[in-house]
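Working through the structure, step by step
One-letter residues, chain by chain:
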There are 2 protein chains.
Amino acid sequence: MHRVRYFGAGPGALPLEVIQKAGQDLPDWRNTGASIMETSHRSREYVQLHEASRSMFKHLMGMDENWEVLFLQGGATTQFAMLPMNFLGPYKGADYVLTGAWSNKAFNASRYFGPSRIAADTRENEIYTRIPAMSELDMDADATYCHLTTNNTIYGTQWKKLPETGKVPLVLDMSSDIMSRQLNLDDVGLIYASAQKNLGPAGVCVVAIRKEMLDRANSDLPEILSYRAHAAKSSLLNTPPTFNVYMMKLVLDWIESRGGVKAMERLASAKASLIYDIIDSSNGFYKCPVPESHRSKMNAVFSLPDEQMENELVAKAKADGFTGIRGHRSLGGLRVSMYNAVSLESIIELAAFLKDFAKRNG
Amino acid sequence: MHRVRYFGAGPGALPLEVIQKAGQDLPDWRNTGASIMETSHRSREYVQLHEASRSMFKHLMGMDENWEVLFLQGGATTQFAMLPMNFLGPYKGADYVLTGAWSNKAFNASRYFGPSRIAADTRENEIYTRIPAMSELDMDADATYCHLTTNNTIYGTQWKKLPETGKVPLVLDMSSDIMSRQLNLDDVGLIYASAQKNLGPAGVCVVAIRKEMLDRANSDLPEILSYRAHAAKSSLLNTPPTFNVYMMKLVLDWIESRGGVKAMERLASAKASLIYDIIDSSNGFYKCPVPESHRSKMNAVFSLPDEQMENELVAKAKADGFTGIRGHRSLGGLRVSMYNAVSLESIIELAAFLKDFAKRNG
């Protein structure tokens, strides 16, 4: 079996055990004589899987009975619109902290539904290389929520500590670092995350809402766009993407078997240190634009002396079995994504490769 | 390998060849060294698959260059809202023909966005057993579109011939009979269909729009809810459900290899005849509430003398390897779904089983 070491930013790598288990289950899931894809979402077997997935998600996140978990479709981009549609209104605005492309998209979508404000924007010279300091945040004490993107895949930055927002609930887009870090949920009202980085294949997006926040959601919406309507039907309002939920459950079980989010956090720190150490000790051959305390443990972004050298590195890496390391098309350079399913072993091998490449070409 | 004969209404059966091919491809898709789930949607390999799927869909449907094909998420239920959001307004209404639960849901969602009208409603004694005659349709010549559900999975009815709507474009929810029948597209402006009956697993919904209709769509919408925005990005506005699109492509290829929609239509007629013949020749043991010329070739709905007998039949069927034949929870009775992937052989075996059961218990 030919398998590469894949460091793509999303859809990301999946644990090999999960791929293998899915293969075994394909023609005959749980002795039903049919695949999970050919199983009714109203069947006992699927409903059980669905509920077990919701429970496992809450367990791993440390969420108690005050949280409602929904499995929706359309990715985080759909949540950019659905979130303000459910909570804003002509006189109900929200604060947005802009730290990259995704938070900008979320902010832009919100403006269709209410008077949103920018609480901070760290764009400098057309790009983002840092997270704002608490003192830079201009927050509205009456905001319906305060939105931020916890990890910025394109720019390689990450919030290390969540800002204190008083009684304004935090809304977090955690698409690219969910379950890779332990989180104090005290000030958090809603978390959303598309699956395709840390939770499974593309096609399902998790929305976790604190029930007291859900109770304040608008109700005069078409059912499919209403958080309340989805919650009232235990996230089975319409046919869910059953296979994608099944795959997510395999990934959640895998995280649990490895020691849960605490273990994933330790692993993420170890992996990120290995890559950033190579960058910082390369005598300027590799350059990371992000100051140390703002660096993402999920996506390390860096450049080489010139584009030709970058192309050479990518080609040599591919020949050695390392793929998915080109930077985002808007930014160029290189990017190494180190999501949960990327093994420490893969990172050790890639780090050795990068060190060797710098030595030969630096 | 244990495989049952599955007649569920959706998610429905998939061709065994497709399941097997997916299993082979799982750890290493197209020699990339990764699964399709671990492949970037911006990669050459995925973009090629995406475009080939859009082309194959159009080819099989007989759609020319005047049509745009989108692969969206959220199922047909999301289209119930997205369609009117894109085309209606305070003074722009649409006509809806109500023939069952799904057309009612579509109509209800449309009322949030403009003054929709009911052009006909065939509900009688709380249920639907027929399609309206052309003479019953009270259509508005100025309607933005006229919406109908071509096949009603719950009630087992199907439009045999589309109504003539003059210059008002028809919008068809074909979720449960797409690619099982040849269609004259002359009056059709938009077709949508969630995949999980005739096209693949749940998690992707196809929207095909005539370009001149697309040009009339509202443009002041959040990108993710705008048909125009999706079309402008070749349906790669955000991360698509890559595995689900891949599975759909396998199913489309399978339809093509079997002779296309024309062959599927012949097969659907043959399968439906076998089941309805058993019902009609059972001396009233099996009762189908739908008049012959309104009967669906996708879902045969019928009842037995009493509920206990129905339970006995379901249990005996399961023991013999036939599953998914219980009626919709809102209606009771039995339902045999005969989507494209349900083989003639399966239907022959089920027909023999039903005949035998009637003989023993009638």
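What you are looking at is a predicted structure, and each value in this text was computed from that prediction instead of being measured. (Residues numbered from 1 in each chain as written. Chains lettered and ligands numbered in written order. Predicted model: local features only at pLDDT ≥ 70, side-chain atom pairs only at ≥ 80, totals over all residues. Heavy atoms only, no water.)

With that settled, the discussion passes to empty space enclosed by the protein. Applying the stated rule across the entire model yields 3 cavities of 30 Å³ or more. Here the largest cavity defines a volume of roughly 340 Å³. Lining the largest cavity we find 28 residues, and of these A:Gln73, A:Gly74, A:Thr78, B:Gln73 and B:Gly74 sit closest to its centre. When contributions to the lining of the largest cavity are tallied by element, the ones reaching two or more residues are β2 (67-72) and α3 (75-87) of chain A together with β2 (67-72) and α3 (75-87) of chain B. The calculated volume of the second largest cavity comes to roughly 70 Å³. (1 Å grid on protein atoms, 1.4 Å probe; cavity = no way out; pocket = protein on both sides within 12 Å on 5 of 7 lines; lining within 4 Å. Points joined across faces, edges and corners; volume = space filled by probe spheres on them. Helix = DSSP H or I, 4+ residues; strand = E, 2+ residues; numbered from the N terminus.)

Residue and element names in this part refer to chain A. Read from one edge of the open sheet, 7 strands run β2-β12-β11-β10-β7-β3-β4, paired in mixed fashion. Sheet topology places β2 and β4 (117-121) at the edges, where each strand pairs with a single neighbour. Taking the axes of each pair of neighbouring strands and ignoring which way they run, one obtains an average angle of 20 degrees across the sheet. Pairing geometry for β2 and strand β12 (residues 205-210), over 6 bridges, is antiparallel. Paired with Phe-71 across the bridge in β12 is Val-206. Its contacts with the sheet put helix α4 (residues 101-110) on β3 (95-98), β4, β7 (146-149) and β11 (188-194), and the angle it makes with β3 is roughly 155 degrees. (Pairing = 2+ DSSP bridges. Axes fitted to C-alpha atoms, helices over the stretch in contact; angles between N-to-C directions. Contact = heavy atoms within 4.5 Å.)

Glancing now at the domain arrangement of chain A. Residues and elements named next belong to chain A. By the assigned domains, chain A splits into domain 1 (16-257) and domain 2 (260-361). Summarising the inter-unit geometry, the C-alpha centres of domain 1 and domain 2 are found 27 Å apart. Facing the 26 residues of domain 1 at the interface are 25 residues of domain 2. At the boundary of domain 1 and domain 2, one finds 0 salt bridges. Linking domain 1 to domain 2 there are 12 residue pairs in polar contact (both at pLDDT 80 or more). Counting residues per element, the side of domain 1 that touches domain 2 draws most heavily on helix α7 (residues 242-257), at 3 residues. Of the residues belonging to the side of domain 1 that touches domain 2, the class tally is 9 nonpolar, 11 polar and 6 charged. (Domains from an automatic or database assignment. Salt bridge = Lys/Arg side-chain N within 4 Å of Asp/Glu carboxyl O. Polar contact = N/O pair within 3.5 Å; in protein donor to acceptor, adjacent residues only side chain to side chain. Nonpolar A, V, L, I, M, F, W, Y, C, P; charged D, E, K, R; others polar.)

Before going further, it helps to spend a moment on a positive patch on the surface. A surface patch of positive charge is lined by A:Arg42, A:Lys233, B:Lys105 and B:Arg329. The exposure class assigned to A:Lys233 is partly exposed, which follows from its relative accessible area of 43%. (Patch = residues over 30% accessible without salt bridge, like charges linked within 9 Å, V, L, I, M, F, W, Y side chains within 5 Å. Areas by Shrake-Rupley, 256 points an atom, 1.4 Å probe, with all protein chains shown as cover. Lys, Arg positive; Asp, Glu negative; His and termini not counted. Charge placed at Lys NZ, Arg CZ, Asp CG, Glu CD. Buried < 20%, exposed > 50% of the residue type's maximum accessible area, 1.4 Å probe, protein only.)

Moving on, we come to the pattern of salt bridges. Enumeration according to the criterion identifies 36 salt bridges over all chains in this entry. Put simply, B:Asp25 and B:Lys21 hold a salt bridge, and the shortest N to O gap is 3.1 Å. Taken together, the positions of B:Asp25 and B:Lys21, both in helix α1 (residues 16-25) and 4 residues apart, correspond to about one turn of that helix. When its relative accessible area of 11% is taken as the criterion, B:Asp25 is described as buried. Taken together, the shared-partner salt bridges in this structure form one network comprising A:Arg5, A:Glu345 and A:Glu349.

Chain B puts 55 residues into the contact, and the matching count from chain A is 55 residues. For the pair chain B and chain A, the summed buried surface comes to about 4,400 Å²; carbon and sulfur atoms form 61% of the total. Our enumeration of links across chain B and chain A arrives at 2 salt bridges. The closest approach of N and O atoms between B:Glu38 and A:Arg3, which form a salt bridge, is 2.8 Å. Applying the counting criterion to the chain B and chain A interface returns 21 residue pairs in polar contact (both at pLDDT 80 or more). Looking at the side of chain B that touches chain A, the elements with two or more residues in it are α1, α3 and α7 (242-257) of chain B. (Buried area = accessible area lost by both parts, 1.4 Å probe.)

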